[in-house]
Amino acid sequence: MTSGIPSVSFEFFPPKTEKMEQSLWQAIQRLAPLAPSFVSVTYGAGGSTRERTHNTVTRIQKETGIPAAAHFTCVGATREEIDAIARTYWDAGIRHLVALRGDPPETEGGVGGRYVPHPGGYAYAADLVAGMKKVADFEISVAAYPECHPEAPSAQFDLDNLKRKVDAGATRAITQFFFDNDAYFRFLDRCAAAGITVPIVPGILPITNFARAVEFAGKCGAAMPQRFAETFEGLDADPETRQLVAATMAAEQCQALQAQGIKEFHFYTLNRSDLTVAICRMLGVKAKQPAVS
């Protein structure tokens, strides 16, 4: 990238319907000219979107040429089954995996149950990373939690788990989204002290819907600053202002990180492009113009 202009990457989720697929591809087509370093596609709880994830990842890489990464989890399959799926990705030209423990299938009430390792499967993400490195020389990203994984018994346990994933072969960690930059920088200091030297890329969530963002934050243990609630208050019926506020606040967060030397950002797009395009523009990341003949 040009000096001073950050590297960006984008996360999408596999579409459930034809209409959602159209929306996804509109977003991809608008974001592709920003030349992201990679894009990733998520995996549903309990491995519920395995086939759709595979189809989306391979199509993105084939039709856009952007390096695509598939989310990969330990849930719902034996080691042999997971290894076989990894080989199909490698054979399809996919060289990057995002290795995660994964969430258990949703219960009847719509909430995931307690995670239990699959008999004969990879127990946790560190085991999955080690296994994937044996299958092929994948680039592997893993998850990191600046404010601690909600299921971790302690912050030190969570940090030790990240170290295990890195030691197993992970080449990058992507953080859960956060809104408190100080929490992220404290986390970087703790990672450095623990001997974790891979890039810890901040995950950024532009707020398209404040109530949903609060719900997401509650599930993953991310603190929502009071000023966010005050700023978004009363904007439910004013989508245009809400969009402007959301883009401005996310861009200000990224610019503050950038001012402290952060040069990579991973955006959770929720399969929308408008806010991410605006934020990237404010960071100096612009669409590549076609060559003049």
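Our subject is the structure listed above.
Throughout what follows, the structure given in this document is the object of discussion.

Conventions used here
- In this numbering scheme, every chain counts its residues from 1 along its sequence in written order.
- Totals for whole chains, interfaces and linings use every residue, but because this is a predicted model, local features are given only for residues with pLDDT of at least 70 and side-chain atom pairs only at 80 or more, for both listing and counting.
- Water and hydrogen atoms play no part in the side-chain values, which are based on all heavy atoms of the structure.
- Among buried residues, the Ala, Val, Leu, Ile, Met, Phe, Trp, Tyr and Cys ones that are joined through side-chain atoms within 4.5 Å form a nonpolar core.
- When a residue's accessible area, from a 1.4 Å probe over protein chains only, is under 20% of the maximum for its type it is buried; when over 50% it is exposed; and in between it is partly exposed.
- Secondary structure elements follow DSSP: runs of H or I no shorter than four residues count as helices, runs of E no shorter than two count as strands, and numbering proceeds from the N terminus.
- Only heavy atoms matter for contacts: two residues are in contact if any of them lie within 4.5 Å across the pair.

### Re the nonpolar core
Inference 1: With 87 residues, the main nonpolar core has Met132, Leu162 and Phe267 as its most contacted residues.
Inference 2: Looking at this core, the element that brings in the most residues is helix H9 (residues 239–259), giving eight residues.
Inference 3: Excluding anything up to four places from it in sequence, Leu162 contacts Val142, Ala143, Ala144, Ala173, Phe187, Cys191, Ile196 and Ile200.

### Focus on unusual backbone geometry
Inference 1: Of note in this structure, Cys148 is not a glycine but carries a positive phi near 80°.
Inference 2: Inspection of the secondary structure assignment puts Cys148 in the loop between strand S5 (139–144) and helix H5 (155–167).
Inference 3: Judged by relative accessible area, Cys148 falls into the buried class, the value being 17%.
Inference 4: With a phi angle near 55°, Leu270 is a residue other than glycine that sits in the positive phi range.
Inference 5: As for its placement among the helices and strands, Leu270 is situated in the loop between strand S9 (264–268) and helix H10 (274–282).
Inference 6: A residue is classified by how much of its surface remains accessible, and Leu270, at 25% relative accessible area, is partly exposed.

Keep in mind these numbers describe shape, not what the thing actually does.
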